[in-house]
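Residue strings, one per chain:
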Amino acid sequence: MSDSYLKKYRSELDHVIDLYFKEDIGSGDLTSQACLNNTKISSGKIYSKEDCMIAGVEFSQYIIKKYDPTLKFESSIKDGQTIESGHCVGELKGSSVSILNLERLLLNCMARMSAIATHVATLKKIISHRTCQLLDTRKTTPGFRVAEKWAVSIGGGLNHRMGLYDAILIKDNHVDLCGGVKKALEKTSKFISNFQSKPTVIVEARDLYEVIQILDYDFIDRVLLDNFSPNVISHAIKTIDKKHKIEVSGNINQNNILDYAQEGVDYVSMGSLTHSRPLIDMTLLMEPS
């Protein structure tokens with residue numbers, strides 16, 4: 001597991017893993033209790049049934065250690081490594097009951113994270129000759145955000161804010177409720193003056209008129225051009241003239257991302273990095289000792 005990621009989000013990971021255990025294992029696996037001896041030792045191998053970039057190996061290792069420290073998980077595959085269909089991702093050795101208790105949880109996590117990492121890596125390759133970076137969003141699965149954003153980073157993307165608490169993002173609803181972008185920014189300026197360390201401030205613009213208004217405020221870190229056409233983005237880039245970082249979003253996909261990843265755009269943010277990826281097909285096969 002990435003030391004920096006674990007150190008930063010250890011409490012969040014511990015919390016969600018405990019929820020996963022309660023959700024799937026609860027008071028115990030009735031089927032294993034009915035069929036198996038608690039002392040039986042086995043091994044189980046995880047295989048991918050698709051070509052993919054693997055993500056979730058080290059997350060799985062952390063889950064295993066929290067549930068049953070006597071289990072061994074051996075893998076020559078590292079997160080971010082690309083494998084072919086049929087390849088063994090890793091092998092669990094130890095209590096048969098513990099392996100079966102964790103089977104679905106480990107497969108769900110690894111299949112989801114690998115799907116996200118694979119998609120991010122594909123998009124990164126398409127825009128590899130551009131200078132902009134891929135950003136994720138808060139369009140994540142409730143209870144699985146930390147893992148999904150981790151998968152984005154494994155695939156080569158960058159994490160946007162983790163939640164509402166670690167950056168200011170002024171969107172259309174904030175602007176409309178304040179009575180305009182200038183009023184929203186005036187209030188924000190007063191609000192952040194109370195901070196010893198200024199939070200990141202991102203402002204969404206819906207048209208070039210809002211872009212022009214935003215340029216009057218130098219405390220802004222990034223302008224978000226939302227649902228702009230590539231042609232209008234080109235005009236916005238010239239208008240902003242490197243005064244602020246530029247992020248683009250809205251209806252961007254694998255087929256049109258190159259049109260949006262123009263020179264002068266610093267970030268492309270896509271909810272689809274996390275919200276709609278089909279799981280990588282994976283399986284765990286048991287081998288009695």
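For the structure itself, look to the data block above.
Chemist: Whenever I open this one, the overall build of the chain confuses me. Can you help?
Modeler: A count of helices and strands for the chain gives eleven helices and twelve strands. For the C-alpha atoms alone, the extent of the chain along its principal axes is close to 70 × 40 × 25 Å. The buried share of the chain, taken over its 289 residues, is 49%. For the chain, the proportion of contacts with a sequence separation of at least 24, taken over those separated by at least 6, is 70%. For the chain, the accessible area works out to roughly 14,600 Å², and carbon and sulfur atoms hold 50% of it. Computed over 35 positive and 36 negative side-chain charges, the separation of the two mean positions in the chain equals 3 Å.

Chemist: I'm lost on helix H5 (residues 145-155) in this one. Help?
Modeler: What sets the pattern is the α-helix's 3.6 residues per turn: residues three or four places apart point alike. The buried count for H5 comes to nine of eleven residues, which makes it a mostly enclosed element. Within the span of H5, buried status applies to Val146, Ala147, Glu148, Lys149, Trp150, Ala151, Val152, Ile154 and Gly155. The first or second residue beyond H5 is Gly156, which carries a positive phi of 110°.

Chemist: Which parts of the structure should I look at to understand the environment of Tyr260?
Modeler: Looking at where Tyr260 falls in the secondary structure, it is placed in helix H10 (residues 257-260). Among residues more than four places away in sequence, those in contact with Tyr260 are Phe228, Pro230, Ile233, Val248, Gly250, Ile252 and Val265.

Chemist: Mind showing me how you'd approach unusual backbone geometry here?
Modeler: A negative phi angle is the norm for most residues apart from glycine, just as the trans form is the norm for most peptide bonds. The phi angle at Asn227 is positive, at roughly 60°, despite the residue not being glycine. Mapped onto the elements, Asn227 comes out in the loop between strand E9 (222-226) and helix H9 (230-240). Phi is positive for Asn251, which is not a glycine, with a value near 60°. Residue position: Asn251 is located in the loop between strand E10 (245-249) and H10. Given a relative accessible area of 64%, Asn251 falls into the exposed group.

Chemist: Honestly, the pattern of salt bridges in this entry has me stumped. Any pointers?
Modeler: Here the structure, examined in full by the defined rule, presents twelve salt bridges. Between Glu210 and Arg206 there is a salt bridge, with its nearest N and O atoms 3.0 Å apart. For Glu210, a relative accessible area of 8% gives the class buried. Look at Arg206 and you get partly exposed, because its relative accessible area is 34%. Salt bridges sharing common partners tie together Asp176, Arg206 and Glu210.

Rules of the game
- Residues numbered from 1 in each chain as written.
- Predicted model: local features only at pLDDT ≥ 70, side-chain atom pairs only at ≥ 80, totals over all residues.
- Heavy atoms only, no water.
- Helix = DSSP H or I, 4+ residues; strand = E, 2+ residues; numbered from the N terminus.
- Buried < 20%, exposed > 50% of the residue type's maximum accessible area, 1.4 Å probe, protein only.
- Contact = heavy atoms within 4.5 Å.
- Areas by Shrake-Rupley, 256 points an atom, 1.4 Å probe, with all protein chains shown as cover.
- Lys, Arg positive; Asp, Glu negative; His and termini not counted.
- Charge placed at Lys NZ, Arg CZ, Asp CG, Glu CD.
- Salt bridge = Lys/Arg side-chain N within 4 Å of Asp/Glu carboxyl O.

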